[in-house]
Amino acid sequence: MYDAVAIDDSPEALINLISTLSANFADEIRLVGTANNVDDGLNIIMNKAPHIVFFDVELGKDKTCFDILNQISDPSFFSVFVTGFEHYAIKAFDFAALDYIIKPASVDDLRSVLDKIDHLKKKSLNLGHAFQNKLEAFETNKSSSKSPKKIVLNTESEVVIANIEDIIRCESDKGYTTFYLKDQKVIVSKVLKEYAEMLTEYGFFRPHKSHL
């Protein structure tokens, strides 16, 4: 059973998330608290020590969930970003490998989140440190005046932050993709197609189904 907190300044969005969780995941997720602003959100996280936090991205005027996260040095919880704006930094989320869902949260989206958490529990990866690395890459990409400059590569044992300009080529091997960087080789458990779609605008192309 995972304890969860939901932080959203929209009462309707909170009601939808609560009802979806209770109707479909009552045996797996226990909602231990909700908040609708930055201060209350931070307090409830510190007091409840949840396993999962569902963050609305925008929390009132000139406030975002990152105002909470920037005050937590080593988060031990799994963060899921929930946004009602499909255009809101979606590319930055993708390149930083941060987990997000579009409102309203669907059963399939939440199932995917739980499956990922179950998988990560089996690893010895320091989730707090890994998340901070991802968040740093996200902030870099979101603030960039052009396209994202960094990409997060999740391996079986670590999180690698790579400069996109350092990627020489990618190679597919069944359900895995090998990144050949200037100074190292990184193997991730995602198919090549996902990265082909992300990297096309950087001049990458597929001369063969297994090569990018």
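Residues numbered from 1 in each chain as written. Predicted model: local features only at pLDDT ≥ 70, side-chain atom pairs only at ≥ 80, totals over all residues. Heavy atoms only, no water.

Trainee: What is the right way to look at the overall build of the chain in this model?
Mentor: Summing up its helical and strand segments, the chain has 7 helices and 10 strands in all. Taking 2.2 N^0.38 as the reference for a compact globule, 212 residues should give roughly 17 Å; the C-alpha atoms of the chain span a radius of gyration of 18 Å, in line with that estimate. The dimensions of the chain, computed from C-alpha atoms along their principal axes, are 50 × 35 × 30 Å. When each of the 212 residues of the chain is scored for burial, the buried share is 45%. Partitioning the contacts of the chain with sequence separation of at least 6, the portion at a separation of at least 24 is 59%. (Helix = DSSP H or I, 4+ residues; strand = E, 2+ residues; numbered from the N terminus. Rg over C-alpha atoms; globule rule 2.2 N^0.38 Å. Buried < 20%, exposed > 50% of the residue type's maximum accessible area, 1.4 Å probe, protein only. Contact = heavy atoms within 4.5 Å.)

Trainee: Where do I start with helix 2 (residues 38-48) in this structure?
Mentor: Every α-helix carries 3.6 residues per turn, so stepping three or four residues along brings you back to the same face. Burial in helix 2 covers these residues: Val38, Gly41, Leu42, Ile44 and Ile45. Looking straight down helix 2, one finds its buried side chains confined to an arc of 165 degrees; they lie on one side. Across from the buried face of helix 2, at angles greater than 90 degrees, the exposed residues are Asp39, Met46 and Asn47. Against strand 1 (2-7), strand 2 (29-35), strand 3 (52-56) and helix 3 (66-69) lie the buried residues of helix 2. For helix 2, the capping residue at the N-terminal end is Asn37, with a side-chain oxygen 3.2 Å from the backbone nitrogen of Asp39. Phi turns positive one or two residues past the end of helix 2, at Ala49, with a value near 45 degrees. (Arc of directions from axis to C-beta. Polar contact = N/O pair within 3.5 Å; in protein donor to acceptor, adjacent residues only side chain to side chain.)

Trainee: Looking at this structure, I do not really get the sheet that holds strand 9 (residues 176-181). What am I missing?
Mentor: Adjacent strands of a sheet form backbone hydrogen bonds with each other and so pair up, either parallel or antiparallel. The antiparallel open sheet is built from 3 strands, whose spatial order is 8-9-10. Each of the sheet's edge strands pairs with one partner strand only, and the pair in question is strand 8 (167-173) and strand 10 (185-188). Strand-to-strand twist in this sheet, taken as the mean axis angle between neighbours without regard to direction, amounts to 20 degrees. Pairing between strand 8 and strand 9: 6 bridges, direction antiparallel. When the bridges of strand 9 are listed, Ser172 appears paired with Thr177. Against the sheet, helix 7 (residues 192-199) contacts strand 8, strand 9 and strand 10, and its axis sits at roughly 45 degrees relative to strand 9. (Pairing = 2+ DSSP bridges. Axes fitted to C-alpha atoms, helices over the stretch in contact; angles between N-to-C directions.)

Trainee: Can you help me understand helix 1 (residues 11-24) in this one?
Mentor: Taking 1.5 Å as the rise per residue, helix 1 with 14 residues should run 20 Å; its terminal C-alpha atoms sit 20 Å apart, in good agreement. Within the sequence span of helix 1, burial applies to Ala13, Leu14, Leu17, Thr20 and Leu21. Projected down its long axis, helix 1 carries its buried residues within an arc of 135 degrees, all on one side. Exposed side chains of helix 1 directed beyond 90 degrees from the buried face belong to Pro11, Glu12, Ile15 and Ala23. (Expected span 1.5 Å × (residues − 1).)

Trainee: Whenever I open this one, the pattern of salt bridges confuses me. Can you help?
Mentor: Any two side chains of opposite charge can pair if their charged atoms end up close together. In the structure shown here, the tally under the stated rule is 10 salt bridges. Where Lys91 meets Glu201, a salt bridge forms, and the shortest distance between an N and an O atom there is 2.8 Å. Pair noted here: Lys91 is in helix 4 (residues 90-96) and Glu201 is in the segment after helix 7, with a separation of 110 residues, a long-range link. Since its relative accessible area comes to 38%, Lys91 is described here as partly exposed. Here Asp115 ties to Arg111 by a salt bridge, and the two come within 3.3 Å at their closest N and O atoms. Here Asp115 and its partner Arg111 are both found in helix 5 (residues 107-121), 4 residues apart, which amounts to about one turn of the helix. With relative accessibility at 42%, the residue Asp115 sits in the partly exposed group. Classification of Arg111 by relative accessible area gives partly exposed; the value is 28%. One connected set of salt bridges, linked through shared partners, spans Asp8, Asp56 and Lys103. (Salt bridge = Lys/Arg side-chain N within 4 Å of Asp/Glu carboxyl O.)

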